[in-house]
Amino acid sequence: MKTLIKGGTIVNEGRVFNGDIVVEDGTMIEIGKQQPEASFDETIDASGCYVLPGVIDDHVHFREPGLTAKADIDSESRAAAAGGVTSYFDMPNCNPQTTTLEALQEKQALAAKKSHVNYAFFFGATNDNADLFSQLDATRIPGIKLFMGSSTGNMLVDRQEALERIFKTCKLPLMVHCEDTDIINRNMANAQEAWGEDPPVSLHAMIRSEEACLESTRKAVALANKYGTRLHVAHISTAEELECLPPAPSKENAAHITAEACVGHLFFTQLDHERLGARIKVNPSIKTPVDQFMLREALNDGRISVVATDHAPHLLSQKEGGCAKAASGMPMIQFSLVTMLELVDEGVLTIQRLVELMCHNPARLFGVQQRGFLRPGYRADIAIVRPKTPWTVTSDCILSKCGWSPMEGHQYQWRVERTLCNGQTVYTNGQVSADVLGEAITFRHP
């Protein structure tokens, strides 16, 4: 099967240029040169569109196995495809938790049958499973996920001895959720004393405070420096945490400490709780407009290396209540790319930088093989997006199984026209191709 993607504006490796892409048997074989249409089995007209590498989301919770009432691999990979996301790394706090070799193999087998885009799974660290790290197939996983703060799934690791062993033992990228549980518990007790058992959600950023994030991030950075661990700090949410991070890596000096920002922290502020309530209640909390401004600045100076979603669906019934009762987490994968393209329109970053943050850098930092770039010999994971095409998010277009989005009612100016995964059209015209399945991502860790 030979496919021509014709007439689009290609964005790749810092360049924006007009050209065609030739795909054969799922792999790109030529980029840029204009081609005659007659010699192809399929021609995709990308005129007026931007052609990007498919997004690699390094941080999702697809809830399978065990939590499938709110999401599963089939439903959330459909939402990913509709959002131009062609690869995802799923987190271990499901049921059973992905903290044993058997549980990891089970998830990989499920995805092979159900995922409509490419997939990989983090292995979860616990207080006592560091001995398993050396038994993992490093070509099949992006890294180890460590919760240094309490979060959904009860995987908290807070014993100093266990933390030292994990940072010392881990030879793979270590992605860390950084919040200090003692500080959070103290803040919650104070809030409950003043406001009752379930403080209003507007106080979420006070309870899961910048101090809680900063204290934990400082500890993670210190441990990474002590042991030379390849640390990736998940969902940075405060300006102060940015000061803990090293300068942007250079070609000569690759940083061993990198950071991720999530779309929710870049788009919303804590003031949006007044409008959206617990729909944007996430851990770590969405914080002040100043924090949002500084996170946006860090997209361009290199302190933030990756933009992801922390896509975490819950049923709306589970999002009722305040700081104590409402579940934390929101679905975002279907709308992450178009939301970031909106920030491009606002001048927050360039479209070239967006592609670095959402496509190239996840591939670089985790050693993803043959994905994340538009290059001959790479798998044809491609998002085709059209600008200046207004549309409004309504409930009937939401593909996440939970059935809601914090973006409902929002009007976008960009639309994902088509998503190709391994050269096959997995999404177009509002429809996901049910018979298209993704591939297991392979890694060669730097």
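As shown above, the structure is provided for reference.
Okay, so let's go over this structure.

Thresholds, definitions, all that
Residues numbered from 1 in each chain as written. Predicted model: local features only at pLDDT ≥ 70, side-chain atom pairs only at ≥ 80, totals over all residues. Heavy atoms only, no water. Helix = DSSP H or I, 4+ residues; strand = E, 2+ residues; numbered from the N terminus. Buried < 20%, exposed > 50% of the residue type's maximum accessible area, 1.4 Å probe, protein only. Pairing = 2+ DSSP bridges. Right-handed = clockwise from strand over helix to strand, strands pointing away. 1 Å grid on protein atoms, 1.4 Å probe; cavity = no way out; pocket = protein on both sides within 12 Å on 5 of 7 lines; lining within 4 Å. Points joined across faces, edges and corners; volume = space filled by probe spheres on them. Nonpolar A, V, L, I, M, F, W, Y, C, P; charged D, E, K, R; others polar. Phe/Tyr/Trp six-rings, centres within 6.5 Å; stacked < 30°, edge-to-face > 60°. Lys NZ or Arg CZ within 6 Å of the ring centre and 35° of its normal.

Omega for the bond connecting Glu 64 with Pro 65 falls within 30 degrees of zero, at 5°, which places this linkage in the cis form. Mapped onto the elements, Pro 65 comes out in the loop between strand E6 (55–60) and helix H1 (73–82). You will see that Glu 13, though not glycine, has its phi angle at about 50°, which is positive. Within the secondary structure, Glu 13 is located in the loop between strand E1 (2–12) and strand E2 (15–24). You can call Glu 13 partly exposed: its relative accessible area is 34%. Positioned with a positive phi, Asn 429 is a non-glycine residue whose angle comes to about 50°. The residue Asn 429 is located in the loop between strand E19 (424–428) and strand E20 (431–432) in this model. The exposure class assigned to Asn 429 is exposed, which follows from its relative accessible area of 69%.

Moving on, we get to the pairing of E6. Of all the six residues making up E6, six are buried; the element is thus mostly covered by neighbouring parts of the structure. By the bridge criterion, four bridges tie E6 to strand E7 (residues 85–90) in an arrangement that is parallel. For Asp 57, the partnering residue across the bridge sits in E7 and is Tyr 88. Between E6 and its parallel partner E7, the chain crosses via H1, and the hand of that crossover is right-handed.

Turning our attention to empty space enclosed by the protein. Across all of its chains, the model carries four cavities of 30 Å³ or more by this definition. By volume, the largest cavity is sized at about 190 Å³. Along its surface, the largest cavity is lined by 23 residues, and His 61, Asn 283, Asp 310, Ala 312 and Gly 329 are the ones closest to its centre. Elements that contribute at least two residues to the lining of the largest cavity include exactly strand E10 (144–147) and helix H8 (263–267). For the lining of the largest cavity, a count of residues per class yields seven nonpolar, 13 polar and three charged.

Tallying each qualifying case throughout the model produces 13 aromatic pairs. Taking 6.1 Å as the distance between ring centres and 85° as the angle between the ring planes, the aromatic pair formed by Phe 122 and Phe 366 counts as edge-to-face. Of the two residues, Phe 122 sits in the loop between strand E8 (118–121) and strand E9 (123–124) while Phe 366 sits in helix H12 (residues 351–366), which places them 244 residues apart along the sequence. Taking relative accessible area as the criterion, Phe 366 reaches 1% and is therefore assigned buried. Summarising the aromatic geometry, the rings of Phe 123 and Phe 133 are spaced 6.4 Å apart at their centres and angled 90° between planes, so their arrangement reads as edge-to-face. Remark: Phe 133 occurs in the loop between E9 and E10 and Phe 123 occurs in strand E9; sequence separation between them is ten residues. Phe 123 sits in the buried class, given a relative accessible area of 0%. Owing to a relative accessible area of 8%, Phe 133 belongs among the buried residues under this scheme. Of the aromatic side chains, those joined through ring pairs into one cluster are Phe 89, Phe 122, Phe 366 and Phe 443. Arg 15 extends its terminal NZ or CZ atom over the ring of Phe 17, reaching a point 4.1 Å from the ring centre.

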